[in-house]
Amino acid sequence: MNQAQRNQGWPDDVRGAIKTAFANLRKKGYFARMNYMCCSGCAGAAMPENTKNYVFFHNQCNEQLVDEGRVYLYWAGDGAEIVDELHNQNLIINWNGKDYEAIFVEGVWV
């Protein structure tokens with residue numbers, strides 16, 4: 001992907017697209033949070049009891065989102081459903097389809 005394929009305001013555009021995708025996933029029963037806790041360990045410990053479907057990125061990942069417009073998403077549930085919702089928001093995703101792999105948001109399509 002070259003820079004021309006990305007929206008020039010990409011960090012804010014990526015954040016906005018993720019925000020919309022997370023709102024839509026919450027409507028489907030996911031616990032979906034941006035900039036949630038300091039790290040994945042703390043986020044996992046702070047997850048509401050009996051949460052089966054979730055998607056989030058933590059504070060350390062938020063720094064990469066702010067600086068580069070890219071972020072890793074940690075999740076449980078239906079990865080394909082999460083990726084579909086991210087694609088619906090024109091986000092560029094890198095994910096190998098495996099349950100134990102984070103979903104990487106690389107940018108947003110123009």
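Bear in mind that the values here come from a model prediction, so they are computed numbers and not experimental data. (Residues numbered from 1 in each chain as written. Predicted model: local features only at pLDDT ≥ 70, side-chain atom pairs only at ≥ 80, totals over all residues. Heavy atoms only, no water.)

### Section: the packing of aromatic side chains
One pass over the structure, following the stated rule, counts seven aromatic pairs. Aromatic pair Phe22 and Phe57: ring centres 6.4 Å apart, planes at 45°, arrangement tilted. Taken together, the residues span a long stretch of sequence, with Phe22 in helix H1 (residues 10-27) and Phe57 in the loop between strand E2 (54-56) and helix H3 (59-68) at a distance of 35 residues. Considering the side-chain rings of Trp75 and Trp95, the 5.5 Å spacing of their centres and the 85° angle between planes classify their relative orientation as edge-to-face. (Phe/Tyr/Trp six-rings, centres within 6.5 Å; stacked < 30°, edge-to-face > 60°. Helix = DSSP H or I, 4+ residues; strand = E, 2+ residues; numbered from the N terminus.)

### Some words on the pattern of salt bridges
Using the criterion set out here, one finds two salt bridges in the structure. As a salt-bridge pair, Glu68 and Arg70 come within 2.6 Å of each other at their nearest N and O atoms. (Salt bridge = Lys/Arg side-chain N within 4 Å of Asp/Glu carboxyl O.)

### Topic: the nonpolar core
The biggest cluster of nonpolar side chains holds 23 residues, and the ones touching the most others in it are Leu73 and Leu91. Of all the secondary-structure elements, those providing two or more residues to this core are H1, H3, strand E3 (71-76), helix H4 (79-88), strand E4 (91-94) and strand E5 (103-108). Broken down by element, the residue count for this core peaks at six residues, all from H1. Among all residues touching Leu91, those that are not within four sequence positions of it are Val14, Ala17, Ile18, Leu86, Val105, Gly107, Val108 and Trp109. If you look at the next biggest cluster of nonpolar residues, it comprises five residues, including Phe31, Tyr36, Ala43 and Phe56. (Core = buried A, V, L, I, M, F, W, Y, C linked by side-chain atoms within 4.5 Å. Buried < 20%, exposed > 50% of the residue type's maximum accessible area, 1.4 Å probe, protein only. Contact = heavy atoms within 4.5 Å.)

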